[in-house]
Amino acid sequence: MIKVSEDAKKRIALLMSDEGYNATTDYVRVGVKSGGCSGLSYELKFDKNQTESDKMFEDNEVKIVVDKKSVLYLAGTILEYSGGLNGKGFVFNNPNAQRTCGCGESFSL
């Protein structure tokens, strides 16, 4: 469902530890919400709980939960981490996105 690159895995583990989460037992919550300059924007946060309306995936030793509404938008997405000169942060390489904004934080189908 969602793939996690090696760089993203390392950054997730570091950030989770810094924020009091355990990368082996807690989750990365990924979702899509209305907004952003292209219509939809990505959400990424850490969570200790999984709800009944979540789908759980695991890739590269990272546990990911996605709410059922966001699953279709994120199918096949690769979560990467970019630390280049143009800015640091997580990047969603989403094959379903037909258009993205310049910053890469929003998209449309």
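Residues numbered from 1 in each chain as written. Predicted model: local features only at pLDDT ≥ 70, side-chain atom pairs only at ≥ 80, totals over all residues. Heavy atoms only, no water.

## A word on the environment of S5
Tracing the backbone shows S5 in the loop between β1 (3-4) and α1 (6-18). C-alpha separation for the pair S5 and D59, spaced 54 residues apart in sequence, amounts to 8.8 Å. With near-sequence residues (within four places) excluded, S5 lies in contact with N60, L79, E80 and Y81. Here the side chain of S5 touches A8 through a polar contact of 3.2 Å, landing on its backbone nitrogen. (Helix = DSSP H or I, 4+ residues; strand = E, 2+ residues; numbered from the N terminus. Contact = heavy atoms within 4.5 Å. Polar contact = N/O pair within 3.5 Å; in protein donor to acceptor, adjacent residues only side chain to side chain.)

## Side note on the nonpolar core
Nonpolar side chains tend toward joint burial in soluble globular proteins. Counting 19 residues, the largest nonpolar core has I12, V28, V30, I64, V66 and L74 as the members making the most contacts within it. When contributions to this core are tallied by element, the ones reaching two or more residues are α1, β2 (27-34), β3 (40-47), β5 (62-67), α2 (68-74) and β6 (78-82). When residues no more than four places from it in sequence are discounted, the contact partners of I64 are I2, V4, V28, V30, K55, M56 and F57. (Core = buried A, V, L, I, M, F, W, Y, C linked by side-chain atoms within 4.5 Å. Buried < 20%, exposed > 50% of the residue type's maximum accessible area, 1.4 Å probe, protein only.)

## Points about the pairing of β2
Along β2, 6 of the 8 residues are buried, which leaves the element largely enclosed by surrounding structure. Across 8 bridges, β2 lies against β3 in antiparallel orientation. Bridged to V28 within β3 is F46. Pairing analysis gives 3 bridges linking β2 to β5, with the strands arranged parallel. Note on β5: the bridge partner recorded for R29 is V65. (Pairing = 2+ DSSP bridges.)

## Description of the sheet that holds β6
Pairing is mixed in the open sheet, where 3 strands are placed in the order β1-β6-β7. Each end of this open sheet is capped by a strand with a single partner; those strands are β1 and β7 (89-93). Note that β1 and β6 share 2 bridges and pair parallel. Its bridge partner lying in β6, V4 is registered against L79.

## Thoughts on the side chain of R29
On the secondary structure map, R29 appears in strand β2. Among the polar contacts listed, one links the side chain of R29 to the backbone oxygen of N49, at a separation of 3.2 Å. Apart from residues no more than four positions distant in its own chain, R29 is found in contact with E43, L44, K45, D47, N49, Q50, T51, D54 and V65.

Distances and angles like these do not, on their own, reveal function.
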